[in-house]
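Structural overview for review
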Amino acid sequence: MRHNLASLMPAHRSSWSLGKVSSPQHTFPSTSIPGMAFALLTSVPPVFGLYTSFFPVLIYSLLGTGRHLSTGTFAILSLMTGSAVERLVPEPLVGNLSGIEREQLDAQRVGVAAAVAFGSGALMLGMFALQLGILSTFLSEPVVKALTSGAALHVLVSQLPSLLGLSLPRQIGCFSLFKTLAGVLTALPRSNPAELTISALSLALLVPVKELNVRFRDRLPTPIPGEVVMVLLASVLCFTSSLDTRYNVQIVGLLPGGLPQPLLPNLAELPRILADSLPIALVTFAVSASLASIYADKYSYTIDSNQELLAHGASNLISSLFSCFPNSATLATTSLLVDAGGKTQLAGLFSCIVVLSVLLWLGPFFYYLPKAVLACINISSMRQMFFQMQELPQLWRISHMDFLLQVPGLCILSYPTPLYFGTRGQFRRNLEWHLGLEEGGTETSKPDGPTVAVAEPVRVVVLDFSGVTFADAAGAREVVQVRERLASRCRDARIHLLLAQCNASVLGMLTRAGLLDRVTPDQLFVSVQDAAAHALGSLTRRRNWEVPGCRK
């Protein structure tokens, strides 16, 4: 299949506008500092985290379709890549390495990490050529949340040696989590008191600041830059007290200025890293496509999953030529940039400018930054993933629907299939198309099913769930979100939602998803006929319903 250059550019570029551009206090901590922190997870020097926060963001800004997506270093991928790096280039058994030996070891590790990025990027480009973006349909929300929650635990445990000032070999392979915990407990008496104190003070500042930023995001004119404050305080304290020489506190050291020279990764490493590149490619696509879909649903636009494969494949492959390690969409920075008002990829381009300034001019200011602070930033950035674990017992929800019948003012939508994560998108698109809720009122492609013209404004929607035999967490939440869209998307008329002929197990799923918090019991009916009779009687009496609805 041949593509011209214009066809590879996402269609939403014409909709770019400056909007509200993220300010430096948002962009600096959300890109530069986590980039250096996640480099430690990858077992490469911190400056390579800055490179990975620059080149991939620039490439995705040109090719991606996720308008609110922030790309760069991601803890899960850094941890997976670090395991490959440690396996292929292990730390020598001899204790202290000379400066030259350390540089050679770092160069080998950077080469392996770049080769993994090259391999995963090539695999994603191959998936794009085969048009496998449809696989994103099968990315269940519970699966993605389980993946990220489990990875958060691994990140926490992997950072314990840095928090405690312990020099321990990195555990890889099966049960590495428990091996690391055992090693930390065994070596606990050898902890460095200075680094332990720095870690405790850093977490005591970062965790409450994160919580304040979340709880009072609507009241704060700008998020509190806790990472910036912590970096400045720790660097000044380390410099004035000579913590690195007096108490053996590990510091970042010199960050080379400028941009790296392009270098083709060692292709001889590809056979050895293929087993690592494949799961990294799949995780990159899974996390990025899921995160893009979440924000696309929230802000009412669509993403092209095949274009996302191209964008992330190109960003990984091209950035590997500049010694970058694997990258993807990032949960924490995406949330932060959206809160800061970022609406298009211009926010990503602005973050590139900030990272570039660090690489060109601000690198020396990080010389005395303790690595323990970076470990604390890694852990505090996992806050959202840790809180996800509270939802794990709740992850059982529902699926999709097809249009069947409309009468004046009344819309009956029959849903004859299970409602689960694979069909929720089609369910939403069908409902929006038939009720005229497409984005911007533009014409969209007709969903599967018979064509029925909407002759007049819909006042009542009856969801016929007689054919829904099963629902999972993602599908049930989609029904709840559909109800919210009916309440917020249209303002010209009033529409009421009724649910008919829903079996007990499906209704239980919907209840646990929170539907009854928004739908009263008198909107539930045993049969479609009962719901339609109730709706027609109400239409005759011209009652006003509680939920804002569809435009005229």
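Treat the numbers as computed from the prediction; the structure is a model and nothing was measured.

**Some points on the overall build of the protein chain**
Looking only at helices and strands, the protein chain features 20 helices and seven strands. For the protein chain, with 552 residues in total, the buried portion stands at 53%. Partitioning the contacts of the protein chain with sequence separation of at least 6, the portion at a separation of at least 24 is 84%. Accessible surface for the protein chain amounts to roughly 24800 Å². Of this, 63% is attributable to carbon and sulfur atoms.

**Points about the packing of aromatic side chains**
Applying the stated criterion to the full structure yields five aromatic pairs. Measuring from centroid to centroid gives 4.9 Å for Phe54 and Phe55, while their planes differ by 80°, and the two rings are edge-to-face. Residue classification places Phe54 among the buried positions, given a relative accessible area of 9%. Look at Phe55 and Phe322: their rings are 4.3 Å apart centre to centre, the planes differ by 10°, and that puts the pair in the stacked class. With Phe55 in helix 3 (residues 55-63) and Phe322 in the loop between helix 12 (305-320) and strand 2 (328-329), this pair connects stretches of sequence that are 267 residues apart. You'll find Phe55 and Phe322 in the same group, each marked buried. Through successive ring pairs, a cluster of aromatic residues spans Phe54, Phe55 and Phe322.

**Observations concerning the UniProt feature "transmembrane region" (unreviewed entry) in the protein chain**
Feature annotation in UniProt assigns "transmembrane region" (unreviewed entry) to the following positions: residues 38-63, 110-134, 273-296 and 349-369. As annotated, residues 38-63 comprises 77% helix and 0% strand, and the C-alpha atoms at either end are separated by 24 Å.

**Re the pattern of salt bridges**
Scanning the entire structure with this criterion turns up seven salt bridges. Lys210 is the salt-bridge partner of Glu227, the closest N and O atoms lying 2.9 Å from each other. Taken together, the residues Glu227 in helix 9 (residues 226-241) and Lys210 in helix 8 (residues 193-215) connect sequence positions 17 residues apart.

**Comments concerning helix 4 (residues 75-88)**
Compared with the 20 Å implied by 1.5 Å per residue over 14 residues, the 20 Å span of helix 4 between its first and last C-alpha is a close match. Among the 14 residues in helix 4, eleven count as buried, and that is most of the element.

**Details of the environment of Gln131**
The residue Gln131 is located in the loop between helix 5 (99-129) and helix 6 (141-164) in this model. Looking at Gln131, the relative accessible area reads 31%, which means it is partly exposed. Within the structure, the side chain of Gln131 is placed 3.3 Å from the side chain of Asn306, a separation counted as a polar contact.

**Comments concerning the packing of helix 11 (residues 270-298) against helix 12**
To characterise two packed helices, one gives the angle between the axes of the helices and the distance between these axes. Two elements in contact, helix 11 and helix 12, have axes separated by 10 Å at closest approach and are oriented at 130°. With respect to their mutual orientation, helix 11 and helix 12 come out oblique. The two elements helix 11 and helix 12 cross, and the hand of that crossing is right-handed. Every residue of helix 12 that contacts helix 11 at Thr284, Phe285, Ser288 and Ala292 is listed here: Ser305, Glu308, Leu309, His312 and Asn316. Counted by class, the contact of helix 11 with helix 12 contains three nonpolar, five polar and one charged residues.

**Some points on unusual backbone geometry**
The backbone phi angle of Gln131 is positive, close to 55°, even though this residue is not glycine. For Gln501, which is not a glycine, the phi torsion comes out positive at approximately 55°. Counting through the fold element by element, Gln501 comes out in the loop between strand 6 (496-500) and helix 19 (504-512). For Gln501, a relative accessible area of 36% corresponds to the partly exposed category.

**Some thoughts on helix 14 (residues 346-362)**
The end-to-end C-alpha distance of helix 14, which contains 17 residues, comes to 23 Å, matching closely the 24 Å that a straight helix rising 1.5 Å per residue would cover. If you check which residues of helix 14 are buried, you get Ala347, Gly348, Ser351, Cys352, Val354, Val355, Ser357, Val358 and Leu359.

**A few points about the packing of helix 4 against helix 11**
Running from N to C, helix 4 and helix 11 cross one another at 175°; their axes reach a closest spacing of 10 Å. Considered as vectors, helix 4 and helix 11 are oriented roughly antiparallel to each other. Of the residues in helix 11, those in contact with Ile76, Leu77, Met80, Thr81, Ala84, Arg87 and Leu88 of helix 4 are Arg272, Ile273, Asp276, Pro279, Ile280, Val283 and Thr284. Of the residues that constitute the contact of helix 4 with helix 11, the class distribution is nine nonpolar, two polar and three charged.

**Points about a nonpolar patch on the surface**
Taken together, the side chains of Leu360, Trp361, Leu362 and Phe365 present a nonpolar region at the surface, about 460 Å² in accessible area. Residue position: Phe365 is located in the loop between helix 14 and helix 15 (371-380).

**Some remarks on the nonpolar core**
Formed by 59 residues in total, the largest nonpolar core has its most connected members in Leu369 and Leu374. Broken down by element, the residue count for this core peaks at seven residues, all from helix 15. The next biggest cluster of nonpolar side chains, apart from the first, holds 23 residues, and it includes Leu413, Phe465, Leu497 and Leu515.

**A few points about the side chain of Thr65**
Residue placement: Thr65 occurs in the loop between helix 3 and strand 1 (71-72). Owing to a relative accessible area of 7%, Thr65 belongs among the buried residues under this scheme. In terms of polar contacts, Thr65 uses its side chain to reach the backbone amide nitrogen of Asp304, at 3.4 Å. A polar contact is formed between the side chain of Thr65 and the side chain of Glu308, at a distance of 2.7 Å.

**Here we look at the pairing of strand 5 (residues 460-464)**
Counting buried residues along strand 5, five of its five residues qualify, which places the element largely inside the surrounding structure. Burial of the side chains of strand 5 extends over both faces: Val460, Val462 and Asp464 are buried on one face and Val461 and Leu463 on the other. In the sheet, strand 4 (residues 410-414) pairs with strand 5 via five bridges, with the strands oriented parallel. Pairing of Ile412 across the sheet is with Val462, part of strand 5. Alignment of strand 5 against strand 6, held across five bridges, turns out to be parallel. Looking at strand 6, one finds that Leu463 is bridged to Leu499.

**Brief notes about the environment of Thr186**
The topology assignment puts Thr186 in helix 7 (residues 176-187). Reaching out from Thr186, the side chain makes a polar contact with the backbone oxygen of Ala182 at a distance of 2.8 Å.

**So, the side chain of Ser53**
Within the secondary structure, Ser53 is located in the loop between helix 2 (47-52) and helix 3. In this structure the side chain of Ser53 is engaged in a polar contact, spanning 2.9 Å, whose partner is the backbone oxygen of Gly49.

**A look at the confidence of the model for the protein chain**
Chain-level statistics for the protein chain give a pLDDT mean of 76 and a share of 75% at 70 or above. Below pLDDT 50 for its whole length, residues 1-7 participates in four contacts with residues either more than four positions away or in separate chains. Overall, residues 396-406 carries pLDDT values under 50, and its contacts beyond four positions in sequence, including any with other chains, amount to 84 contacts.

Procedures and definitions
- Residues numbered from 1 in each chain as written.
- Predicted model: local features only at pLDDT ≥ 70, side-chain atom pairs only at ≥ 80, totals over all residues.
- Heavy atoms only, no water.
- Helix = DSSP H or I, 4+ residues; strand = E, 2+ residues; numbered from the N terminus.
- Buried < 20%, exposed > 50% of the residue type's maximum accessible area, 1.4 Å probe, protein only.
- Contact = heavy atoms within 4.5 Å.
- Areas by Shrake-Rupley, 256 points an atom, 1.4 Å probe, with all protein chains shown as cover.
- Phe/Tyr/Trp six-rings, centres within 6.5 Å; stacked < 30°, edge-to-face > 60°.
- UniProt positions renumbered as here; feature names shortened; annotations may be inferred.
- Salt bridge = Lys/Arg side-chain N within 4 Å of Asp/Glu carboxyl O.
- Expected span 1.5 Å × (residues − 1).
- Polar contact = N/O pair within 3.5 Å; in protein donor to acceptor, adjacent residues only side chain to side chain.
- Axes fitted to C-alpha atoms, helices over the stretch in contact; angles between N-to-C directions.
- Parallel < 35°, antiparallel > 145°, perpendicular 65-115°, else oblique.
- Left-handed = near helix turned anticlockwise from the far one by under 90°.
- Nonpolar A, V, L, I, M, F, W, Y, C, P; charged D, E, K, R; others polar.
- Patch = residues over 30% accessible without salt bridge, like charges linked within 9 Å, V, L, I, M, F, W, Y side chains within 5 Å.
- Core = buried A, V, L, I, M, F, W, Y, C linked by side-chain atoms within 4.5 Å.
- Pairing = 2+ DSSP bridges.
- pLDDT = per-residue confidence, 0-100.

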